[in-house]
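# Coordinate analysis (summary)
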Amino acid sequence: MLPQWLRPRFDMLHSSAPMAVCPSPKQLSNEPSCLRMFLSLVSRGAGGWSPQVTDRHPWLQLDLRDRIEVTAVATQGRYGGSDWVSGYLLLFSDTGRAWKQYRQEDGRFVGNVNADGVVHHKLSHSIRSRFLRFVPLDWNPSGWVGLRVEVYGCAYKSDVADFDGRSSLLYRFNQKSMSTVKDVISLRFKSRQAEGVLLHGEGQRGNYITLELHRARLALYLNLDDTRLRFSSGRVAVTLSSLLDDQHWHSVLIERFQKQVNLTVDTHTQHFRTKGEGDSLEVDYELSFGGIPLPGKPGTFLRKNFHGCMENLYYNGINIIDLAKRRKPQIYSVGNVTFSCSEPQLVSTTFLSSSSSFLSLPATLSASGGFAVRFQFRTWNPDGLLLSTRLALEPQRLELQISNCRLRLTHHMSAQQKEEVSTGYRVNDGLWHSASLSSRGHTCCLHNCLMRPGLGGQVLVQLLKTLSKDVYSFSICVTGCPSLNVSGCENPTLAFQGCMRLFSINSQPMDLNLVHQGRLGDYKELQFDTCSIHDRCLPNFCEHGGQCSQSWSCFYCDCSGTGYTGATCHNSIYEASCEAYRLTGSSSGYFSIDPDGSGPLGPTQVYCNMTENKVWTVVTHNSTDPVRVQGSTLQKPYIMKFNYSASPEQLMALVSGSEQCQQEVMYSCRKSRLFNTRDGSPLSWWVDQGGERRTYWGGFLPGVQQCSCSLEENCMDMNYFCNCDADTDSWANDTGVLSYKEHLPVSEIVIGDTNRTGSEALYRIGPLRCYGDKSVWNAASFYQESSYLHFPTLRAELSADISFYFKTSAPSGVFLENVGLKDFIRVELSSPVAVTFSFDVGNGPVVLAIKSHVPLNDRQWHYVRAERSVKEASLQVDQLPLRFLEAPSEGHLRLRLNSQLFVGGTAARQRGFLGCIRTLTINGVTFNLEERAKMTPGVSAGCPGHCSGSSSLCHNSGRCIEKNSGYVCDCSQSAYGGPSCKEGVSVSFNRESSVTYTFQEPFSVIQNRSFQASSVYRGNSRARENMAFIFMTTQSPAMLLTVSTFSQQYIAVILARNGRDTIQIWYHLHVDRRPDVFTPRPSSLADGHLHRIRIHREGKDVYLQDMNLKYSLSSDTEFISIKSLTLGKVTVDTMDEEVMQAGSKGFIGCLSSVQFNHMAPLKAALLKRASSLVRVRGHLVESNCGALADSTIFHSQSGEECRMYSDYTVFLWTMSSNILILYTVNTEAGIEFSVYRFFHCHHDGSQGNVAHCFMSVPCPQTNDRSMM
């Protein structure tokens, strides 16, 4: 039973006729500690509340008579009728004037579908408030608004303190200082300003803690025992939340244990580790709350005290405000601190629409003959009309607007004549700004002031104009206007969308309640008594470090420099492996790979060695040279830690995704043992990727303390398992290859037996080398329509990317499906020529479909990629135009699933897929289809066919096509021809020759009628280019290749006549900036020899793969709307002068195997001369220089000659130990390392430490031990 004071004493306000209160029906709450409140309103003989039909904006308001902690609400339709509310907003307020919206995921509450059902909503976070307001948004279209409400909650008591901006509370310790290892600080506050200190304390040893409001965000400064930071300006704050100056309550919780800190503001939590050398926070004398009382206090860097209210302020269990109210001696009050919260009357109005919101107010001239308008505003939008008024002399008018994030005042004197001035900076930052516009005589003044200190007061600009002295009355139109024929109102630009408050005209405050009641002025699309600004960057949905920015209605992600792209920076711009790069047609070189794609791991740079049979991934570390070790013991061993070019997590992902990995350990010794010959205990060891000590060396099984010579049965002394354990005075070798990949890479080596006379060791740990990508050809074949593979529930609430390959002869089938109670996600072949991606996150089903002009059930591999995020959804099939849909700015965000993920079918065992699926990857995780298929009836591991394996049947981006009796290679997207796409296409050019390939214009708009938004074509959003060609010339300057866009971007590769005839690469991505120019080779390339150029760009990174060089662009802007590619002479005048000079000279020589992304322009010029896409000028002669390329000597950057794809050997010897080391570089396994004793190496120099002499032997060279 509720207390008597609560049950009958609800006060109601509403927007039309008064209603009566009726008794409560049966109680629904079984929680004895909480209160249950029910309100049934009766109107016109029926139960419930229903506003008048003429009410423009109805709402129902409850006064709970005191602040209550509300935990749930329930609604019901009007009794006995057809009136109910199907959607509504819930607002709350302490005063009944300044309201705040309680935000569900999509901002609104789902209401009723009939008059009798009850819909309950348990609030994810409770409301502590006195007033509630229910604002109907949608109702029964066949009836009217009808509502009965029920509110659940608990009694709420609090201790409150009011700070006036010049006051504070000091909590003084019983001793000189307080040292704590653990702290818990909690409080609630509401602030009138965007700046102010909430909490501060510091100690003499450099300890400090400060909690402050800065730009309406909460900043926590915390440091433990680090005197270096005490007086520095390099203090770093952890900031959280925003818009905290909204005069509503916000909760704060700080939890610290040693260095680990959790900071929670409302529903958002940030975890971090604090700086400093200690684990304790030592604060001297006192903690101050509400401000720092002494402006000159040492170490102080804050500027302004807190102005607002705090409640329930606890420091490590101590109620600070309760002690202050009881005047306890531990609390000292500075200034005027009161214990009730004053409520300022700062009531805001929200302009909801950027096209139709307006507020029109009448005004008259002041006594001085001018006018003055003042107001405050806050918004996220960079543009919008704030105020306009017509002057007496038609058609003169004044306009004040936000333009490009600044305030701009414009005086229109005629249709063609105007003058304007601007002031302010970033006035769209979401903070409150004040603006005033006044006129006196012939002068109009605009004042702008950001509502925060430290900016030097108001900024004044004067606009001298001839204003009519005969203006007797006029109207002021705030933001947009209803129509152009309303006096004084025009809409020359976007209307203002944001919040305004404190309106005054000629120093007279404007009561907007009169406007709301229709007694003053006019308005449209306004929300009174509330500021509905919402920070759409909180939480930040931009992934992988993307920077979030926003407008009033949506957010944007800046992915520059992250290595990711897409609406939320979800998609990696890099391939997942070297094998994936090979499949795109790339050759050996340095690449950035992202092993987990869109997962949390970032990209890393590796060397991809692409051989005829295998693709090797090589990861280097910080100590690749041979190292001599002396003077180490087991008690004081030599230790070397290896830092790889990839993080441990990236290495683990690379190793686990590879078929095989290995790492060579070169170990030579003299009187240095690996194992103690008495008890077998290790004297040296290495540490694996997991930190475990390993004592096997070189190619042997894990856990066996032996070396490779024991496995090969060729140890120099068969009484030992390692050559070094023979402990001889001569050099011995225990080099081997570690190939148990679960232990790789080597993270550390420890050597402990080189302290005896004549004892020493020489070691070298080679790079980690892996080959194969287990995911690329991981496939399953589905033979029964009722069969499927099942996996755990897909975890993709906010973002999901799904990619795979399929081939089938069936006309339709479901590739995958995962469902929840209402939500679902599904990808299917809906017809022989269409793939469909559909899902529902609570806003209704969304369907994207792509239709192909050729059948997709042709038993060939086809690629599918579907993505869904909070911003958009997209679908890609092969190289067809990408289809995408923008998500609604308001609506459900999270995809809630609870069933298993079904692949190849559905839970209903209907519409199953018949065929093969491979390389299924979801959010960067590759699913092991083969393993699951082995235990599933109707499904088999792998996929039959010639084109279903990892062997390279077709080269140079050629596509393998299945045939009944074998396969053929489709070389249409390759620069090469022939049966296996290995024959180069070459052409000889003269000075007037050119080949121009015109790219087909993309489809502009592809309609998708299943969703409200249009589906617009957008090309692949990755900022990526691949260019490759072979050339030979003696001419410079010369134009090799240019690519241009419709937006005047261009890429150019030229030979520059700079005294060295070097190659230059020009990237002009921004019309208003200087291009990026790279000159990689110091030697002349106009030397009559063949040279191979391969350029690969990913974002800002540009790789010249044959030269092993990497450059960084000034921007990662995409190269979009490509117009054409030209080889040879160029005559356009939109490029830089040096490029134009080379373009005018053309190219004389041979070009071969030209590839740009998936286009082969030179090949198209020879085979498709009649095509409208190819334009040939001058004389072209087909050449055989491409056929000679494989056997021709290519000139390297250093000028040394080495035949492509051949082995070469590098010798290295140490002067002190007569050791010869052979590095054998080949295409099969990267770098092989061998060490041999070189008995007859003598020199006259002194004894040295490590090898100092290098001799390069021109290839080919045999690796033959007999030569030594």
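On a predicted model such as this, the values are computed, not experimentally measured, just so you know.

## Thoughts on the overall build of the chain
- A tally of helices and strands in the chain yields 8 helices and 98 strands.
- Burial analysis of the chain (1268 residues in total) assigns 54% to the buried set.
- Counting only contacts in the chain whose residues sit at least 6 apart along the sequence, the fraction spanning at least 24 positions is 68%.
- A total of about 55300 Å² of accessible surface is found on the chain, and carbon and sulfur atoms cover 49% of it.

## Some points on the UniProt feature "domain: EGF-like" (unreviewed entry) in the chain
- The UniProt feature table records "domain: EGF-like" (unreviewed entry) at residues 533-570 and 944-982.
- The span residues 533-570 shows a helical share of 0% and a strand share of 26%, and its end C-alpha atoms are spaced 27 Å apart.

## Some thoughts on the nonpolar core
- Val619, Tyr667, Leu674, Trp697, Tyr763 and Leu768 are the most contacted members of the largest nonpolar core, which has 44 residues in total.
- Each residue touching valine 619, except ones within four places of it in the same chain, is listed here: Val606, Tyr644, Ser645, Ala646, Leu651, Leu654, Pro767 and Leu768.

## A look at empty space enclosed by the protein
- Going through the model one piece at a time under the given rule, you end up with 8 cavities of 30 Å³ or more.
- Estimates place the volume of the largest cavity at around 160 Å³.
- Looking at the lining of the largest cavity, the elements with two or more residues in it are strand 66 (862-869), strand 67 (872-877) and strand 68 (883-886).
- Within the lining of the largest cavity, the residues separate by chemical class into 10 nonpolar, 5 polar and 3 charged.

## Some words on the pattern of salt bridges
- Taken as a whole and judged by the stated rule, the model has 43 salt bridges.
- The partner of arginine 256 in a salt bridge is aspartate 183, and the shortest N-O contact between them spans 2.8 Å. Of this pair, arginine 256 sits in strand 18 (residues 250-257) while aspartate 183 sits in strand 13 (residues 182-191), and the two are 73 residues apart along the sequence. The pair arginine 256 / aspartate 183 is uniform in exposure class, with both members buried.
- Of the charged contacts, one joins arginine 188 and glutamate 311 as a salt bridge, the two residues approaching to 2.6 Å between their closest N and O atoms. A residue pair is termed long-range when its members are at least 10 positions apart, and arginine 188 in strand 13 and glutamate 311 in strand 23 (residues 307-315) qualify at 123 residues. Each member of the pair, arginine 188 as well as glutamate 311, carries the same accessibility label: buried.
- Residues joined by salt bridges that share partners form a network here, namely Arg67, Asp94, Arg188, Lys190, Glu311 and Glu343.

## Describing the sheet that holds strand 84 (residues 1062-1068)
- Read from one edge to the other, the open sheet built from 7 strands follows the order 85-84-83-82-89-78-91, with strand pairing classed as antiparallel. Every interior strand has two partners, whereas the edge strands, strand 85 (1076-1078) and strand 91 (1174-1177), have only one. Direction aside, the axes of adjacent strands within the sheet are offset by 15 degrees on average.
- With 5 bridges connecting them, strand 82 (residues 1038-1045) and strand 89 (residues 1122-1128) associate as antiparallel partners. Residue pairing for strand 89: leucine 1041 is matched across the bridge by leucine 1127.

## Notes on the state of the cysteines
- Counted under the stated rule, the structure contains 14 disulfides.
- Across the disulfide from cysteine 309 sits cysteine 341; the S-S distance is 2.0 Å. Between cysteine 309 and cysteine 341 the sulfur-sulfur dihedral comes to about 95 degrees; the bridge is accordingly right-handed. A residue pair is termed long-range when its members are at least 10 positions apart, and cysteine 309 in strand 23 and cysteine 341 in the loop between strand 26 (337-338) and strand 27 (348-351) qualify at 32 residues.
- Disulfide pairing places cysteine 709 opposite cysteine 715 at an S-S distance of 2.0 Å. Note on the cysteine 709 and cysteine 715 pair: the S-S dihedral is about 85 degrees, so by sign convention the disulfide is right-handed. Here cysteine 709 matches cysteine 715 in class, with each residue buried.

## Quick word on the pairing of strand 86 (residues 1091-1098)
- Counting buried positions along strand 86 yields 8 of 8 residues, so the element is predominantly enclosed.
- Side chains His1091, Ile1093, Ile1095 and Arg1097 of strand 86 all project onto a buried face; the interleaved residues Arg1092, Arg1094, His1096 and Glu1098 project onto the opposite face, where all are buried too.
- Note that strand 81 (residues 1024-1033) and strand 86 share 8 bridges and pair antiparallel. Bridge pairing in strand 86 places asparagine 1026 opposite histidine 1096.
- Two elements, strand 86 and strand 87 (residues 1101-1104), share 4 bridges in a ladder whose sense is antiparallel. Directly across from glutamate 1098, in strand 87, lies its bridge partner aspartate 1101.
- Linking strand 86 to strand 87, which pair antiparallel, is a turn of 2 residues; within it glycine 1099 sits at a positive phi near 65 degrees.

## Some thoughts on the packing of aromatic side chains
- Scanning the entire structure with this criterion turns up 35 aromatic pairs.
- Taken together, a centroid distance of 6.2 Å and an interplanar angle of 75 degrees make the contact between phenylalanine 999 and phenylalanine 1156 edge-to-face. In this pair, phenylalanine 999 is assigned in the loop between strand 78 (994-998) and strand 79 (1005-1006) and phenylalanine 1156 in strand 90 (residues 1149-1156), connecting sequence segments 157 residues apart.
- Taking the relative accessible area as the measure of exposure, phenylalanine 999 reaches 13% and is therefore buried.
- An aromatic cluster is built from Phe351, Phe375, Phe377, Phe496 and Phe503, whose rings are joined through pairwise contacts.
- Taking the ring centre of tryptophan 59 as reference, the NZ or CZ of arginine 133 above it sits at 3.8 Å.
- Against the face of tryptophan 432 rests arginine 501, its NZ or CZ located 3.9 Å from the ring centre.

## Considerations on the side chain of threonine 379
- Within the secondary structure, threonine 379 is located in the loop between strand 29 (371-378) and strand 30 (384-390).
- Of note is the side chain of threonine 379, whose polar atom sits 3.1 Å from the backbone nitrogen of asparagine 381.
- A polar contact is formed between the side chain of threonine 379 and the backbone oxygen of glutamine 497, at a distance of 2.6 Å.
- Excluding residues that lie within four positions of it along the chain, threonine 379 makes contacts with Ile402, Val427, Asn428, Asp429, Gly430, Phe496, Gln497, Gly498, Ile533 and Trp552.

## Brief notes about the confidence of the model for the chain
- Mean pLDDT for the chain: 79, with 80% of residues reaching 70 or above.
- Counting contacts from residues 1002-1021, a segment whose pLDDT is below 50, to residues more than four positions away or on other chains yields 45 contacts.
- Here residues 1191-1268 is modelled with pLDDT under 50, and outside its nearest four sequence neighbours on either side it reaches 155 contacts, counting other chains as well.

Thresholds, definitions, all that
Residues numbered from 1 in each chain as written. Predicted model: local features only at pLDDT ≥ 70, side-chain atom pairs only at ≥ 80, totals over all residues. Heavy atoms only, no water. Helix = DSSP H or I, 4+ residues; strand = E, 2+ residues; numbered from the N terminus. Buried < 20%, exposed > 50% of the residue type's maximum accessible area, 1.4 Å probe, protein only. Contact = heavy atoms within 4.5 Å. Areas by Shrake-Rupley, 256 points an atom, 1.4 Å probe, with all protein chains shown as cover. UniProt positions renumbered as here; feature names shortened; annotations may be inferred. Core = buried A, V, L, I, M, F, W, Y, C linked by side-chain atoms within 4.5 Å. 1 Å grid on protein atoms, 1.4 Å probe; cavity = no way out; pocket = protein on both sides within 12 Å on 5 of 7 lines; lining within 4 Å. Points joined across faces, edges and corners; volume = space filled by probe spheres on them. Nonpolar A, V, L, I, M, F, W, Y, C, P; charged D, E, K, R; others polar. Salt bridge = Lys/Arg side-chain N within 4 Å of Asp/Glu carboxyl O. Pairing = 2+ DSSP bridges. Axes fitted to C-alpha atoms, helices over the stretch in contact; angles between N-to-C directions. Disulfide = S-S within 2.5 Å. Phe/Tyr/Trp six-rings, centres within 6.5 Å; stacked < 30°, edge-to-face > 60°. Lys NZ or Arg CZ within 6 Å of the ring centre and 35° of its normal. Polar contact = N/O pair within 3.5 Å; in protein donor to acceptor, adjacent residues only side chain to side chain. pLDDT = per-residue confidence, 0-100.

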